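A structural walkthrough
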Amino acid sequence: MALRLARDEMIIVGVPPGVLGVLGELLPAGCAVIVEDPELIRRRDLRRALSGMPFVSRVVPAAYQQDAFDVDALLAAEPTLATARLVMPGVEYAVTAAARLAERLGLPGAGVSAAETFTDKHRLRRLAAGHGLPNPAYALVRTPAEAEAFVRRVGGRCVLKPTRRAGSLGVQFLDDPDTVAAVWAATTDPPGSEEDAGVPTEVLVEAALTGSEHSVELLVAEGEVLFGNVTDKRVLPGRYPVETGHTVPSGLPGAECRVLLDVAGRLARAAGFRTGVLHSEWILADGAPTLVECAARLPGDLIAALIAVAYEASFVEAYLRVLLGERPALPARAVAAAAVEFLVAPPGTVTTIGDVRQASRVPGLLDLRLDVAVGDRVAEVVSSRQRCGHVLAWGADPTGATRTARRAVELIRLVVA
């Protein structure tokens, strides 16, 4: 059922790439103003690109990626925004700006302090350490020599990551301290996209963890957790830990899921997170959940869609309702399962694509997207932006959903020369 919003009563800061279709189903015509960086509006011709989205009233230019987001200037240029009832961050780099705007308008949101913490991995590490939440060994480093010294001191595999990037961009494993100088630029200046321009970042080096990887999605209203889900995640082996798949709900035993939900709730409370969605990532190292990172926004990688399928309830709608000050009820337990597998290929030129038609007919398959064609050049996958498509599948349980998704991927089978 569409939400009841009048014209310009919703502000979305940053175009949300993965949920525009869902928003189109939920929102009435003309209710949403999208605030976007002027350069991105120009480069992507966003006014024309979004003209087919009836819920979008207009696109307003404002730079939000930098720390100097000017709320007063935005409201002076667009005075009708002062009567908005809902502010939503559409992308990672808009989380703090959206929190500032919501706070200025007296609307529900993450809270500025929590938003600043969850968009800076170093601040997040310090918060966790100060509240007794499990962290790996870590250090903020300014030079390759400092990172190399940390790797030698730890004496094992480490992770180098930028403090303010999204989609695994710039994250890489270090196995040999002698290679730090050679790979430093892959973290400090990774091949990114327009969204990353002008976003200041520092560099963290951390001891790598071994164990199964999971995320926890919490729906929070004024500090109270209304809903929690645990997702199983899969990542590429090798130097770049880009995510290759997710399954909802987790196949972990109930006791381990409860531990993950509990520690995610502790993290939310420690940060003073107020209202919205909190997507935290954890590794079960020796059975104990250790924090990887956390985002104060809707999760990417189609996790919201997986939750909608598994729980038979719209996670995106529930998110919008808490931002309106409501307290929606979501099922306490999943009634089925869903999985997504992303299509990845080694670098080279695509020479063959398997049987997409047969893959689309796999029982339980809900969605298939292929972003490459024969003859396309595929780059090395160093971030989630470089994957070649996805398949999304339903199952009666987590194992069945994951098996169906993987079966479809096997049929598609990209061959690269």
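Residues numbered from 1 in each chain as written. Predicted model: local features only at pLDDT ≥ 70, side-chain atom pairs only at ≥ 80, totals over all residues. Heavy atoms only, no water.

**Section: the overall build of the protein**
- The helix and strand tally for the protein stands at 14 helices and 19 strands.
- Taken over C-alpha atoms, the radius of gyration comes to 21 Å for the protein, in line with the 22 Å a tight globule of 417 residues would show.
- Once the C-alpha set of the protein is aligned to its principal axes, its extents read approximately 55 × 50 × 45 Å.
- Restricting the contact set of the protein to residue pairs at least 6 apart, pairs at least 24 apart contribute 69%.
- About 17,300 Å² of surface is accessible on the protein, with carbon and sulfur atoms providing 51% of the total. (Helix = DSSP H or I, 4+ residues; strand = E, 2+ residues; numbered from the N terminus. Rg over C-alpha atoms; globule rule 2.2 N^0.38 Å. Contact = heavy atoms within 4.5 Å. Areas by Shrake-Rupley, 256 points an atom, 1.4 Å probe, with all protein chains shown as cover.)

**Quick word on unusual backbone geometry**
- For the bond running from Val-248 to Pro-249, omega is -5 degrees, close enough to zero to count as cis.
- Considering the arrangement of structural elements, one finds Pro-249 in the loop between β11 (243-248) and α10 (254-271).
- Positive phi values are uncommon outside glycine, yet Asp-45 reaches one of about 50 degrees.
- Residue position: Asp-45 is located in the loop between α2 (38-44) and α3 (46-49).

**Looking at the environment of Gly-238**
- Locating Gly-238 in the fold gives a position in the loop between β10 (224-235) and β11.
- For the pair Gly-238 and Pro-191, spaced 47 residues apart in the sequence, the C-alpha separation amounts to 18 Å.
- Sequence-distant contacts of Gly-238, that is, excluding residues within four places in its chain, are made with Arg-157 and Phe-173.

**Describing the pairing of strand β4 (residues 86-89)**
- Burial of the side chains of β4 extends over both faces: Leu-86 and Met-88 are buried on one face and Val-87 and Pro-89 on the other.
- Pairing geometry for strand β1 (residues 10-13) and β4, over 4 bridges, is parallel. If you follow Ile-12 over to β4, its bridge partner there is Met-88. (Buried < 20%, exposed > 50% of the residue type's maximum accessible area, 1.4 Å probe, protein only. Pairing = 2+ DSSP bridges.)

**Observations regarding the sheet that holds strand β19 (residues 414-416)**
- Taken in spatial order, the 3 strands of this open sheet run β17-β15-β19, and their pairing is antiparallel. Two strands lie at the open edges of the sheet, namely β17 (377-378) and β19, each paired on one side alone.
- The pairing of strand β15 (residues 348-353) with β17 spans 2 bridges and is classified as antiparallel. Bridge assignment links Thr-349 to a residue of β17, and that residue is Arg-377.

**Details of the packing of aromatic side chains**
- The full count for this structure, using the stated rule, is 3 aromatic pairs.
- Pairing Phe-227 with Tyr-311 gives two aromatic rings, centres 5.0 Å apart and planes at 80 degrees, and the pair type is edge-to-face. Taken as a pair, Phe-227 in strand β10 and Tyr-311 in helix α11 (residues 303-311) lie far apart in primary sequence, 84 residues in all. Take Phe-227 and Tyr-311: they sit in the same class, and that class is buried.
- With 5.8 Å between their ring centres and 50 degrees between their planes, Phe-227 and Phe-315 make a pair best called tilted. You can see Phe-227 sitting in strand β10 and its partner Phe-315 sitting in helix α12 (residues 315-323), a full 88 residues away along the chain. As far as the burial class goes, Phe-227 and Phe-315 line up, both buried.
- Ring pairing ties together the aromatic residues Phe-227, Tyr-311 and Phe-315, which thus form one cluster.
- One Lys or Arg, Arg-157, reaches over the ring of Phe-173 and ends 3.9 Å from the middle of that ring. (Phe/Tyr/Trp six-rings, centres within 6.5 Å; stacked < 30°, edge-to-face > 60°. Lys NZ or Arg CZ within 6 Å of the ring centre and 35° of its normal.)

**Details of helix α5 (residues 95-105)**
- With 8 of 11 residues buried, α5 lies mostly within the body of the structure.
- For α5, the complete set of buried residues consists of Val-95, Thr-96, Ala-97, Ala-98, Ala-99, Leu-101, Ala-102 and Leu-105.
- In this structure, the buried residues of α5 make contact with β1, α4 (71-77), β4 and α6 (112-118).
- Once α5 finishes, Gly-106 follows within two positions and takes phi at roughly 70 degrees, a positive value.

**Things to note about the packing of helix α8 (residues 144-154) against helix α9 (residues 180-188)**
- Their axes nearest at 9 Å, the elements α8 and α9 cross at an angle of 115 degrees. As judged from the angle between their axes, α8 and α9 are roughly perpendicular. In this structure, α8 crosses over α9, and the sense of that crossing is right-handed. Touching Pro-144, Ala-147 and Glu-148 of α8 are Val-180, Ala-181 and Trp-184, all from α9.
- Residue classes in the contact of α8 with α9 are distributed as 5 nonpolar, no polar and 1 charged. (Axes fitted to C-alpha atoms, helices over the stretch in contact; angles between N-to-C directions. Parallel < 35°, antiparallel > 145°, perpendicular 65-115°, else oblique. Left-handed = near helix turned anticlockwise from the far one by under 90°. Nonpolar A, V, L, I, M, F, W, Y, C, P; charged D, E, K, R; others polar.)

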